[in-house]
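Results of the structural survey
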Amino acid sequence: MMRVLVVDDDFMVARVHSGYVARIPGCEVVGVAHTGAEAMTLARELRPDLVLLDVHLPDLSGLEVLAGLRTGDAADPFVLMITAADDAATVTAALHGGATHYLVKPFDAAALADQVERVARLRGRLAGLAGSNRGRAAQDEIDSVFGARPGFATRLPKGLTAPTARIVEQVLRSVDGDLSATECAGRTELSRVSARRYLEHFVAVGAAQVRLRYGGTGRPERRYRWTR
């Protein structure tokens, strides 16, 4: 059973998210917090496996709470950011702070279930590594834990970097629908040309799809959607 702590300043939203979690097999909500201080206290007392963490809290930023939860200790909970904040700076800070993933509100139960189940699989892989009697991890096991994909993290085209690719991926995953290279550039603070290179790479390796949107004069707009 994976134990989940839900953190959101909106009581109704917290109730909805708790209901989503309760319907995921193998998960239970062990606590609900509405402030950053309460989240830190409950995390210490309840020792959850996963924290669903809002960014906008009345006392502390969710990013500050993230820093308090992700200390580098093996017993730290996984943290899934659940927020309306979709600016590139916050997404980047969450990634660097150790968030497992980032969901932008509003989203449905299926989207949350996908990410919670992903954490459950990751916990299983880590438990397998910890229980190994070899004392060492093979590269394919490490790749599995860190989510490396052939053609993505391990074989990026020249000029593309893995950290930036992960930021573009986070933005693309968070979009409800699709987005253009220009919109991606605005959210990631990349140039439009750079953003399009990353987006086209994801299309090439099958991680994203592209469609053409026609309207007015000139070339049709290429719009990208994450598919994995």
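Note that the structure is predicted; figures quoted are calculated from it, not measured.

An order of β2-β1-β3-β4-β5 is seen for the 5 strands of this open sheet, with the pairing classed as parallel. In this open sheet, the two edge strands, each paired with only one partner strand, are β2 (27-33) and β5 (101-104). The sheet shows a mean angle of 20° between the axes of neighbouring strands, direction not considered. Alignment of strand β1 (residues 2-7) against β2, held across 6 bridges, turns out to be parallel. Bridge pairing in β2 links Val6 to Val32. Against the sheet, helix α1 (residues 11-22) makes contact with β1, β2, β3 (50-53) and β4 (78-83), and its axis sits at roughly 165° relative to β2, the strand it touches most.

Before going further, it helps to examine the pattern of salt bridges. This model, assessed by the stated rule, comprises 12 salt bridges. The closest approach of N and O atoms between Asp54 and Lys105, which form a salt bridge, is 3.6 Å. Of this pair, Asp54 sits in the loop between β3 and α3 (62-69) while Lys105 sits in the loop between β5 and α5 (109-130), placing them 51 residues apart in sequence. Classification of Lys105 as partly exposed rests on a relative accessible area of 22%. One network of salt bridges, in which partners are shared, links Asp178, Glu183, Arg211, Arg213, Glu221 and Arg223.

Conventions we followed
- Residues numbered from 1 in each chain as written.
- Predicted model: local features only at pLDDT ≥ 70, side-chain atom pairs only at ≥ 80, totals over all residues.
- Heavy atoms only, no water.
- Pairing = 2+ DSSP bridges.
- Helix = DSSP H or I, 4+ residues; strand = E, 2+ residues; numbered from the N terminus.
- Axes fitted to C-alpha atoms, helices over the stretch in contact; angles between N-to-C directions.
- Contact = heavy atoms within 4.5 Å.
- Salt bridge = Lys/Arg side-chain N within 4 Å of Asp/Glu carboxyl O.
- Buried < 20%, exposed > 50% of the residue type's maximum accessible area, 1.4 Å probe, protein only.

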